Amino acid sequence: MTRHNSSAPGRRRIRRLLSTIIGSLTAASLVGLAGCASTPGNASSEISLDYWLWEALQVPGYQKCAAAFEEANPGIHVRVTQYGWGDYWQKLTASLVAGAGPDVFTDHLTKYPEFVSRGVLLPLDDLEATKGFDGSVYQEGLADLWVGQDGAQYGMPKDFDTIAMFYNNDVLEDAGMTAADLDDLQWNPEDGGTFEQVIAHLSIDGNGVRGDEDGFDPQNVVTYGLASGGSGDTNGQTQWSWLAAATGWEYTNADVWGDEYNYDDPRFQASIGWLFGLVDKGFMPSYESVGTAPDPVQQLASGKAAISPNGSWTISAYGRLEGVDLGIAKIPSGPIGHPVSMYNGLGDSISAQTDHPEEAAKFVQYLGSEECQVIVGKEGVIFPARPAGTDAAIAAFEERGIDVSPFTDLVEDKYTVLYPVTTNGAQILSIMQPVMDGIYIGSEDVSSLTAVNKKINSLFAKKP
Amino acid sequence: MAITTQNLTRQGAVPPPATPTRNKQPDDTKLALLLILPATIGLVTFYFWPLLRGIWLSFTSWDLLSAAKFVGADNYVRMVQDPVFWNAIGATLYFVAVNIGIQTIVALGLAVLMQRLTGSILVRSLILTPFLVSNVVAALVFFWILDFQLGIGNQMLEWIGLDRIGFFTSEDWAIPTVALVNVWRHMGYTALLIFAGLQAIPASLYEAARVDGASEIRMFKAITVPLLRPILGLVLIISVIGSFQVFDTISVTTGGGPVNATRVLQVYIYDNAFAQFDFGYASALSVAMLAILMIVTFVQYRITRAGQTDLN
């Protein structure tokens, strides 16, 4: 700026003034930024790591881990921050853009492929503490989910989840049924099998007529047999993954990093058709009545629904319901001959922007260690990825009188299907969500998924 | 008067001096520039620069984290072929039509009542109260009132023997519901603007009309509406622009659904920018919105002749 020839003294003065103002503004904002990013308090020696997660129920467990880690590593301070799922990803992206993101954060399979392609994650293999990463010490398959297309490990397996069905024993009793009646249910997309018979029997209309009796009024239902978790978007994790997968259907053409989705498969479309067909039969609440934020936990609690399929991360939410004699049943077997649950796992990733990659790796290594995962397991909130952590969680749930074997048996039996890890997650969601909502509402036919699938697969053709 | 004449005569008689006395005073230009500098910096930083950058970004592919890549007119080609974009235009126009149509009529009625019926400050203030509630709060309150299961609105429908309505959850009802929530919030404010215009109409006109035996309705048609036209034009331009930009009411209630029923242009822009981080395409959509608003404003200005008045 000073190298320019100024023609008039007045203009030069203005320019100088301008540069002073801009200079001071910049300085002020830098001070502000520095204030955000720098370590609080301690001047020099202590290193501060920011760790983010989205599940509020998990905060106490991870705070205990962080405390234990700090004790073992004097000079490293870990700050645990929690944001709700919606805010989490926006804040994370915004802070990564601003260069002020966390050092370590909980990562999700739908999101991390895009982070990898944008180069914002550090591969664990490159860092001292996590170099010798061994995926075999975790529950089978979990570590593979976090291997990028380049073969590098981008996440430390943290936990896993599967699907089962929650119910209220009192409601079952009123229907003249016992928990044993929910064992070994059979389902198929044609007539719904014994599973549909149970749902029908548990549905009650305003006159007290049950769904499998004559004169049932599907327009005036008081208790629905099956709770609604919404349309399920791209993966239907709690809504329909366990139905469609039990027909032998798979999301994509590969376990991980598939580049072709199978939403055009007749088995998938038949499963979706059966599920959302329950609305007209009066066995499941309509889209109109549950709206944009359906809550299967609340539907069970209020008696609006009798059977509430949900993920293992919600066990403690159901466990805390007042006046509900809680039971958990295994999801029904499908045409494939056994039940199939989605098998999803979270991971901890290291931001490429961290100032302390080695210390961050140390922390991530600790998060993946048996010690930390047993601490988290004992909290009885989620199933940690290490078998010892899983056992600790099972014991913690048992202490509260909750038998979680319907969730864990599926993993032991390997009756699971992996969460679809592919690129283009956000675009696929934006294409899929309105159509799935439309199918739930009844304004779209399941056959429209064929065109949707074509559109989705063309996303992969574009980018080699 | 006398001084002016004196000056005139002096200037007429004596040829203007080479250096007029005025020029001896310090030149104010620098001070003036300095004083408008803060505003200019603001204008450039917060309006011109983002505008230019936005237009530039609409020709790129940019995901925030990697560098923007120039892609020519790709985003615009994609936009023209994007059915969700055209659906968004349709949804936006539908929203604006319902919102502005009802809002203007109700506000005009309210303003005339305020003017002709009551002078009570209390009543006039009460009409403005919905505007004091933030958009998000108003939207959420109605979201609860009209909830399918728990809403008192639906409970009342049931009491009078009607079926419950999914105000926010059915594709047919979503846009009218959101539009009416906005009408509820903005009608008082709009009425106030129109009321200010009514105050400018001389009372003598009404007196004269009353002497001639004109009815209230006739006076409304022959005096109020024609003389209110410039104000009404201005109010329409402001409220239509605001209406096109509807976002908060939808974002906190339907989020663009059910399906795409309420995915208006702003919501679609937001989805692309902040959910999919496709800032290039979102910028192109924003430029389209800018173009639409410029056209709408120009046409409205012309049709309502808002720059002219019949009051002279």
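Please refer to the structure higher up on the page.
Bear in mind that the values here come from a model prediction, so they are computed numbers and not experimental data. (Residues numbered from 1 in each chain as written. Chains lettered and ligands numbered in written order. Predicted model: local features only at pLDDT ≥ 70, side-chain atom pairs only at ≥ 80, totals over all residues. Heavy atoms only, no water.)

**Points about the interface of chain B and chain A**
Each partner contributes residues to the interface: chain B has 27 residues there, and chain A has 27 residues. Together chain B and chain A conceal approximately 2300 Å² of surface at their shared face, both sides included; 64% is due to carbon and sulfur atoms. When the buried area of chain B at its contact with chain A is split by residue, Leu-65, Val-259 and Gln-276 of chain B rank highest and sum to 26% of it. A salt bridge links Arg-118 of chain A to Asp-63 of chain B; its shortest N-O distance comes to 2.8 Å. Connecting chain B to chain A are 8 residue pairs in polar contact (both at pLDDT 80 or more). Breaking the side of chain B that touches chain A down by element, the ones donating at least two residues are α3 (29-57) and α13 (265-275) of chain B. With 5 residues, the single largest contributor to the side of chain B that touches chain A is α3 of chain B. Split by residue class, the side of chain B that touches chain A holds 14 nonpolar, 9 polar and 4 charged. (Contact = heavy atoms within 4.5 Å. Buried area = accessible area lost by both parts, 1.4 Å probe. Salt bridge = Lys/Arg side-chain N within 4 Å of Asp/Glu carboxyl O. Polar contact = N/O pair within 3.5 Å; in protein donor to acceptor, adjacent residues only side chain to side chain. Helix = DSSP H or I, 4+ residues; strand = E, 2+ residues; numbered from the N terminus. Nonpolar A, V, L, I, M, F, W, Y, C, P; charged D, E, K, R; others polar.)

**Comments concerning the packing of aromatic side chains**
Residue and element names in this part refer to chain A. All told, the structure shown has 50 aromatic pairs over all chains when counted by the stated rule. Measuring from ring centre to ring centre gives 5.8 Å for Phe-166 and Phe-407, while their planes differ by 50°; the resulting arrangement is tilted. Residue Phe-166 is found in strand β7 (residues 163-168), and its partner Phe-407 is found in helix α15 (residues 405-412); the two are separated by 241 residues along the sequence. Judged by relative accessible area, which is 0%, Phe-166 ranks as buried. What makes Phe-407 buried here is its relative accessible area of 0%. (Phe/Tyr/Trp six-rings, centres within 6.5 Å; stacked < 30°, edge-to-face > 60°. Buried < 20%, exposed > 50% of the residue type's maximum accessible area, 1.4 Å probe, protein only.)

**Some thoughts on unusual backbone geometry**
Backbone torsion omega between Gly-257 of chain B and Pro-258 of chain B reads -10°, so that peptide bond is classified as cis. Mapped onto the elements of the fold, Pro-258 of chain B is located in the loop between α12 (248-252) and α13. Phi is positive for Asp-233 of chain A, which is not a glycine, with a value near 50°. The exposure class assigned to Asp-233 of chain A is partly exposed, which follows from its relative accessible area of 26%. Not every positive phi belongs to a glycine, and Lys-414 of chain A is a case in point at roughly 60°.

**Examining a nonpolar patch on the surface**
Nonpolar side chains collect at one region of the surface, where Leu-43, Val-44, Phe-46, Tyr-47, Phe-48, Trp-49 and Leu-52 of chain B lie side by side and expose about 810 Å² of accessible area between them. Assignment of secondary structure puts Val-44 of chain B in helix α3. (Patch = residues over 30% accessible without salt bridge, like charges linked within 9 Å, V, L, I, M, F, W, Y side chains within 5 Å. Areas by Shrake-Rupley, 256 points an atom, 1.4 Å probe, with all protein chains shown as cover.)

**Observations concerning the sheet that holds β7 of chain A**
What links the strands of a sheet is backbone hydrogen bonding, and the strands pair in either a parallel or an antiparallel sense. Residues and elements named next belong to chain A. What the 5 strands build is an open sheet, ordered β8-β9-β10-β7-β11; its pairing is mixed. Strand pairing shows two members of the sheet lacking a second neighbour, β8 (204-205) and β11 (326-329), which therefore form its edges. Across 2 bridges, β8 lies against strand β9 (residues 221-226) in antiparallel orientation. Of the residues in β9, the one forming a bridge with Asp-205 is Val-221. Helix α6 (residues 193-202) contacts β7, β8, β9 and β10 (305-311) of the sheet and is inclined by roughly 160° relative to β9. The strands that α15 touches are β7, β10 and β11; relative to β7, the one it contacts most, it runs at about 160°. (Pairing = 2+ DSSP bridges. Axes fitted to C-alpha atoms, helices over the stretch in contact; angles between N-to-C directions.)

**As for the environment of Leu-228 of chain B**
Residue and element names in this part refer to chain B. On the secondary structure map, Leu-228 appears in helix α11 (residues 216-244). Taking relative accessible area as the criterion, Leu-228 reaches 1% and is therefore assigned buried. Residues Leu-228 and Leu-198, spaced 30 residues apart in sequence, show a C-alpha to C-alpha distance of 6.6 Å. Excluding residues that lie within four positions of it along the chain, Leu-228 makes contacts with Leu-108, Ile-194, Gly-197, Leu-198 and Ile-201.

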